[in-house]
Amino acid sequence: MSELTVTLLRIGYLALLWLLVLSAITVLRRDLYGTRIIDRRRTPAPRGAAPAAGETPAPAAEQPGRTPRRTRGSGGPSRLVVTEGPLRGTTVPLGSSAVLIGRAPSCTLVLDDDYSSSRHARLFPQDDRWFVEDLGSTNGTFVGEQRVEQPTPVPTGTPVRVGQSVLELQR
């Protein structure tokens, strides 16, 4: 083999090793810093259009192009609150659509929890009641102390355990 061929093989081998090192660093970084949580409730402000000091943004009902969410029935729950776990204190307003819970960024409530699946559970309204359904998760979903095997009604204030997180429907 010529000296040029040997040099090109060495450079190729070195580039391949660096690619391996960089991919390992990327995996470690993702494990250390967790899933990126995206806030979907806010709409991005146009560039250069920041509110003035002391000024608060207009409520959702007054913002153009947005309609306020309506809850099902006046006596039913209006929000889903995380009462225990890494996202303790997080509140998700309830509307007429289902709430998908899991680690995937496409979920409505993204959990930063190693014990929850990417698409763990679904909370949905039906006939003025809310139900929870396990979506084939590894560790299961629990309403109170009962493991969910089929869509199960969730009364207001009853704890729903998804991985290490505990959620409650509140008025």
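Report follows, based on the coordinates. No experiment lies behind these values; they were computed from the predicted model shown.

A look at the pairing of strand 5 (residues 121-126)
Pairing analysis gives three bridges linking strand 3 (residues 99-102) to strand 5, with the strands arranged antiparallel. By the bridge assignment for strand 5, Ile 101 is matched with Ala 121. Across six bridges, the pairing between strand 5 and strand 6 (residues 129-134) is antiparallel. Looking across to strand 6, one finds that Arg 122 is bridged to Glu 133. Hairpin connection between strand 5 and strand 6: a loop of two residues separates the two successive antiparallel strands, and Asp 127 in this loop has a positive phi of roughly 55°.

Looking at the sheet that holds strand 1 (residues 79-84)
Taking strand neighbours across the sheet as the criterion, the six strands line up as 2-1-11-10-7-8 in an open arrangement whose pairing is antiparallel. Of all the strands in the sheet, the pair left with one neighbour each is strand 2 (91-93) and strand 8 (146-147). Strand direction decides the pairing type here: strand 7 (residues 141-143) and strand 8, joined by two bridges, are antiparallel. In the strand pairing of strand 8, Val 143 is matched with Gln 146.

Section: helix 1 (residues 3-33)
The terminal C-alpha atoms of helix 1, which comprises 31 residues, lie 45 Å apart, in line with the 45 Å expected from a rise of 1.5 Å per residue. Little of helix 1 sits out of view: just zero of its 31 residues are buried.

Things to note about the side chain of Asp 134
Tracing the sequence through the fold places Asp 134 in strand 6. Among the polar contacts listed, one links the side chain of Asp 134 to the side chain of Ser 137, at a separation of 2.6 Å. For Asp 134, the contacting residues outside a window of four places in its chain are His 120, Ala 121, Gly 140, Thr 141 and Val 148.

Procedures and definitions
- Numbering of residues starts from 1 in every chain and runs along the sequence as written.
- Local features in a predicted model are, by the rule used here, given only for residues with pLDDT of at least 70; side-chain atom pairs are given and counted only at 80 or more, and totals for whole chains, interfaces and linings are based on all residues.
- Excluding hydrogens and water, the side-chain values take into account all heavy atoms of the structure.
- The rule for pairing is simple: two strands pair if DSSP sees at least two bridges between them.
- We count a stretch as a helix when DSSP gives it H or I for four or more residues in a row; a strand needs E for two or more, and each element gets its number in order from the N terminus.
- One less than the residue count of a helix, multiplied by 1.5 Å, gives the span that helix is expected to have.
- Each residue gets one of three labels from its accessible area relative to the maximum for its type: buried under 20%, exposed over 50%, partly exposed in between, using a 1.4 Å probe on protein chains only.
- Each polar contact in these results corresponds to two N or O atoms within 3.5 Å; when the atoms are within protein, one needs to be able to donate a hydrogen and the other to accept it, and residues that are neighboring in sequence are counted only if both atoms are side-chain atoms.
- Contacts are residue-level and defined by heavy atoms, with any inter-residue pair within 4.5 Å sufficient.

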